[in-house]
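# Working through the structure, step by step
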Amino acid sequence: MTFIAPIKFAIDLLAVLLLALGIKGLSKVRSAREANRLAAIAMILAAFGVLLHSQGTIGISINSWIWIICGTLIGGFLGAVTARRVPMTAMPEIVALFNGCGGMSSLLVALGVALFPSADGSQGALGEVVRNFSIVVSLFVGAITFSGSIVAMAKLQGWLSTPPWTQSKARHFFNILCAVLALIGGICLSIDGQNGLFLIVISSSLLGIGVTLPIGGADMPVVISLLNSYSGVAAAAAGFVVGSQLLIVAGAMVGAAGLILTQVMCDGMNRSLLSVLFGGALGASSVSSGSGGGEYTNITSCSPEECALTLEAAERVVIVPGYGLAVAQAQHTLREVTRVLENADIDVSYAIHPVAGRMPGHMNVLLAEADVPYEQLKEMDVINPEFPATDVVLVLGANDVVNPQAKTDQSSPLYGMPVLDVQEARTVFVVKRGMSAGYSGIKNDLFDAPNTSMVFGDAKKVLGDLLLELKELGVGSKG
Amino acid sequence: MSFFSEALWVLLLGSLLGLELIGKVPPTLHTPLMSGANAISGITMLAALTLIIKSGENLPLLVIGSISLGFALFNVIGGFLVTDRMLAMFSRKKTRK
């Protein structure tokens, strides 16, 4: 059986290579899909390697096979069904959910090894303290990843709001307390491998909740990306626990790559990671004290018919899609409207804010689904100088990303976030269900502007009406 | 200790590799990349597999391992499929052009 080890080694090396190529390829549009498949193949290879190696060396009992197959079938089936069923609008939530489960898996492995030390295969290879320390890290990071991701998902779904206490100083006290308790548990566990196990799990779970709960608004994607990085760290720690180098490499890669991605996202929003994690919530606390609030004084509302008349006369139209569009599943109706406009020789483009929707790239995915040509999607830096030369801007269910307060009002929590300068355009129509505030809970000065008209209603319904009106006017049907 | 020092090297080099792999990512790909990397972090399924295999006849451990494996595979399979679904939208549009 001496040939098993080299084969396993070769498989592992190949898997690592494919994983690296996969991550690399995923950052380029052209190669992304193949890269994703490559990474999937690498995972299958890696699992095959572990099974082959174990079968060849210590053997796998029937009992083990049964439990392996059970876990695989149930987890795999649920994963496949969830991935198929989930609407494109819920993508950020689902990434958070998957991510949380990855963290949970690492946590359980460490828990199993901690409860039944005899099962640890690497006991001889690793020192007692090192092993216990790996267990601590795996438990700690795994628990934070799980509870944090679940809170992130619940918040994005709207199941959880931001409780007031999390915006006060009390949350720092709470988080520090949890961290200290986790540290105490960790020290105990590192020393004797018994005590403090559940203290770590519970306090780090609470820490994950305490850190994620206060974060709101556009910052949530950054948090999910960061948690994604954590789950890589948790996997690497689990690799130390069971003594698998492949796991350590892959976990470290994902952890580091996730960190970079988080940084890239922060740059896109012109914020530092620290201010997202700590300062963002402090800024939001000023909302509750009223500085960002205030009543609307000059709201103009209009019907889809008026909107259609203005559009008919326009030469350049910019669409600003937001989460409201995603919720209403209105991307296809939007595409029909823009087709009509294009037929009438009206120049149409889409202004994509880096964090429009609930996650970077969310709008790109959604509009791609509706066959919007790639060239019409314009990033913020490109489109912003073009707004003064734009006749009509149609804001569809976006709010915070078009709030001029971010540029003008230093006391606003949004201040400093790059926004789309839609108010520079001649006319702005804001399609919105009601006057409620955006995700950040902040008043939008845009709605008060003299050149802004509100079209109230669900984005899909308004766009449907708009389409009818445009057709009635004969727009785009000439020739 | 040899495994441990080797493992630390592996950790260090793996982290450096991860830092280098992603340079400039177009915003379009932020979500798919996050989702794909997320699927890869389900690699912890290997640890779950190892745990099950080494647990022998220890029932509670088998159950923990199996649940852990389930969670990991939920992450892996769901993650890759969802990423593929997102990316399929981009490529479909490209072929039509």
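Keep in mind the model is a prediction, meaning the values are calculated, not measured.

Right, let's talk about the overall build of chain A for a bit. Tallying secondary structure elements over chain A gives 17 helices and six strands in all. Split into buried and exposed, the 479 residues of chain A put 55% on the buried side. Intrachain contacts of chain A at a sequence separation of at least 6 include 78% that bridge at least 24 residues.

Let us now look at the overall build of chain B. Regarding its fold elements, chain B presents four helices and zero strands. Starting at the N terminus, the α and β elements of chain B follow one another as α-α-α-α. Taken over the C-alpha trace, chain B has a radius of gyration of 18 Å; the compact-globule value for 97 residues is 13 Å, which it surpasses by more than 25%. Considered along the principal axes of its C-alpha atoms, chain B spans approximately 60 × 30 × 15 Å. Looking at chain B as a whole, 65% of its 97 residues are labelled buried.

Here we take up the environment of A:Arg131. Inspection of the secondary structure puts A:Arg131 in helix α5 (residues 128-157). Measuring from C-alpha to C-alpha, the distance between A:Arg131 and A:Ser190 comes to 8.1 Å, with 59 residues separating the pair along the chain.

As a further point, take helix α11 (residues 304-312) of chain A. Note: α-helices contain 3.6 residues per turn, so residues at a spacing of three or four share the same orientation. All names here are of chain A. Along α11, the residues classified as buried are Pro304, Cys307, Ala308 and Leu311. Down the axis, α11 shows its buried residues gathered within 100° of arc, on one side only. Elements that come into contact with the buried residues of α11 comprise β1 (316-321), α13 (331-343), β4 (392-396), β5 (427-432), β6 (452-456) and α17 (459-472).

With that settled, consider the domain arrangement of chain A. Segmenting chain A into domains produces domain 1 (1-85), domain 2 (88-286) and domain 3 (304-472). For domain 1 of chain A and domain 3 of chain A, the distance between their C-alpha centres works out to 43 Å.

Looking now at the sheet that holds strand β3 (residues 377-379) of chain A. All names here are of chain A. Ordered in space as β3-β2-β1-β4-β5-β6, the six strands form an open sheet in which the pairing is parallel. Edge positions in the open sheet fall to β3 and β6, since each of these has one partner strand only. Adjacent strand axes in the sheet meet at a mean angle of 25° when their direction is disregarded. Here strand β2 (residues 347-352) pairs with β3 via three bridges, running parallel.

This part covers the interface of chain B and chain A. Listed as interface residues are 78 residues of chain B and, on the opposing side, 105 residues of chain A. Take the side of chain B that touches chain A: its biggest share by element is 31 residues, from helix α4 (residues 59-96) of chain B. When grouped by side-chain class, the residues that make up the side of chain B that touches chain A number 48 nonpolar, 25 polar and five charged.

As a further point, take the nonpolar core. Within soluble globular proteins, side chains that are nonpolar tend to cluster in buried spots. Of all hydrophobic cores here, the largest spans 191 residues; its most connected members are A:Leu19, A:Ala250, A:Met253, A:Val320, A:Val395 and A:Leu396. Ignoring anything within four residues of it in the chain, the contact list for A:Leu396 reads A:Ile319, A:Val320, A:Pro321, A:Gly322, A:Gly324, A:Leu325, A:Ala330, A:Leu334, A:Val431 and A:Ala459.

With that settled, the discussion passes to unusual backbone geometry. Residues and elements named next belong to chain A. The phi dihedral of Asp345 is positive, around 60°, even though this residue is not glycine. Given 9 C-beta atoms within a 10 Å radius, Asp345 is considered exposed. Phi angles above zero are rare outside glycine, and Asp371 is one such case at about 65°. Residue position: Asp371 is located in the loop between α14 (362-369) and β3. Its 15 C-beta neighbours within 10 Å are what place Asp371 among the partly exposed residues.

Between its first and last C-alpha atoms helix α4 (residues 91-115) of chain A spans 36 Å; for 25 residues at 1.5 Å apiece the expected length is 36 Å, and the two agree. For α4(A), the buried fraction is high: 24 of the 25 residues fall into the buried class.

Turning next to the packing of helix α3 (residues 62-85) of chain A against helix α3 (residues 45-54) of chain B. Direction vectors running N to C along α3(A) and α3(B) enclose 150°, while the axes themselves pass 8 Å from each other. Classified by the angle between their axes, α3(A) and α3(B) sit roughly antiparallel to one another. The handedness of the crossing between α3(A) and α3(B) comes out as right-handed. Of the residues in α3(B), those in contact with A:Ser64, A:Trp67 and A:Ile68 of α3(A) are B:Leu49, B:Ile52 and B:Ile53. Partitioned by chemical class, the residues of the contact of α3(A) with α3(B) number five nonpolar, one polar and no charged.

Here we take up the environment of A:Ala398. All names here are of chain A. Structurally, Ala398 is set in the loop between β4 and α16 (405-408). Separated by 30 residues in the primary sequence, Ala398 and Ala368 place their C-alpha atoms 18 Å from one another. Non-local contacts of Ala398, meaning those with residues more than four positions away in its chain, are made with Val320, Pro321, Gly322, Gly324 and Ala356.

So, about the pairing of β4(A). All names here are of chain A. The buried fraction of β4 is high, at five of five residues. In β4, alternate side chains face the same way, and those of Val392, Leu394 and Leu396 on one face and Val393 and Val395 on the other are all buried. Bridge count for β1 against β4 is five bridges, and the pairing is parallel. Residue pairing in the sheet places Val318 in a bridge with Val393 of β4.

Glancing now at the confidence of the model for chain B. Residue and element names in this part refer to chain B. Summary statistics for chain B give a mean pLDDT of 84 and a share of 91% for residues scoring 70 or more. Mean pLDDT across the secondary structure elements of chain B bottoms out at α4, with 84, and peaks at α3, with 90. Interface confidence for the predicted complex, given as ipTM, is 0.90, next to a pTM of 0.78.

With that settled, the discussion passes to the confidence of the model for chain A. When pLDDT is low, close inspection of the predicted coordinates is not appropriate. All names here are of chain A. Per-residue pLDDT for chain A averages 82, and the proportion of residues at 70 or more is 88%. The lowest-confidence element of chain A is helix α10 (residues 273-288), averaging 53 in pLDDT; the highest-confidence one is α3, averaging 91. Within the model, pLDDT remains below 50 along residues 280-293, and this stretch shows 29 contacts once partners closer than five positions in the same chain are excluded.

A word on the environment of B:Met89. In this structure, B:Met89 sits in helix α4. Not counting the four nearest positions on each side in its chain, B:Met89 is found in contact with A:Val365, A:Ala368 and A:Glu369.

All names here are of chain A. In the contact formed by α5 and helix α8 (residues 220-242), the axes pass within 8 Å of each other and the chain directions differ by 155°. Classed by the angle they form, the pair α5 and α8 counts as roughly antiparallel. Crossing geometry of α5 relative to α8 is assigned as left-handed. Of the residues in the contact of α5 with α8, the class split is 17 nonpolar, seven polar and two charged.

Rules behind the numbers
- What you see as residue numbers is a count from 1 along each chain, following the sequence as written.
- The lettering of chains begins at A and the numbering of ligands begins at 1, in the order of writing.
- Given that the model is predicted, a residue must reach a pLDDT of at least 70 before its local features are reported, and side-chain atom pairs must reach 80 or more before they are shown or counted; all residues, however, enter totals for whole chains, interfaces and linings.
- In this text, helices come from DSSP runs of H or I with a minimum length of four residues, and strands from runs of E with a minimum of two, each type numbered from the N-terminal end.
- Any residue with 12 or fewer other C-beta atoms within 10 Å of its own C-beta is exposed, any with 20 or more is buried, and the rest are partly exposed; the C-beta atoms used are placed from the backbone.
- Placing C-beta atoms from the backbone, we regard two residues as in contact once those atoms come within 7 Å.
- Using C-alpha atoms as the atom set, the radius of gyration is obtained and then compared with a globule rule of 2.2 Å times the number of residues to the power 0.38.
- The arc refers to the directions leading from the helix axis to the C-beta atoms.
- Note: domain ranges come from an automatic or database domain assignment.
- Strand pairing follows a simple DSSP-based rule, namely that at least 2 bridges must link the two strands.
- Axes here refer to lines fitted to C-alpha atoms; in helices the fit is confined to the stretch in contact. Angles between the N-to-C directions go from 0 to 180 degrees.
- Throughout, the ten residues Ala, Val, Leu, Ile, Met, Phe, Trp, Tyr, Cys and Pro are labelled nonpolar, Asp, Glu, Lys and Arg are labelled charged, and all others, Gly among them, are labelled polar.
- The nonpolar core is taken to be a set of buried Ala, Val, Leu, Ile, Met, Phe, Trp, Tyr and Cys residues joined by way of C-beta atoms within 7 Å.
- An expected span of 1.5 Å times one less than the residue number is assigned to each helix.
- The labels follow the angle: roughly parallel below 35 degrees, roughly antiparallel above 145, roughly perpendicular from 65 to 115, and oblique for the rest.
- Here a crossing is called left-handed whenever its near helix is offset anticlockwise from the far helix by less than a right angle, and right-handed whenever the offset is clockwise.
- A residue's pLDDT is the predictor's confidence in that residue, given on a scale from 0 to 100.

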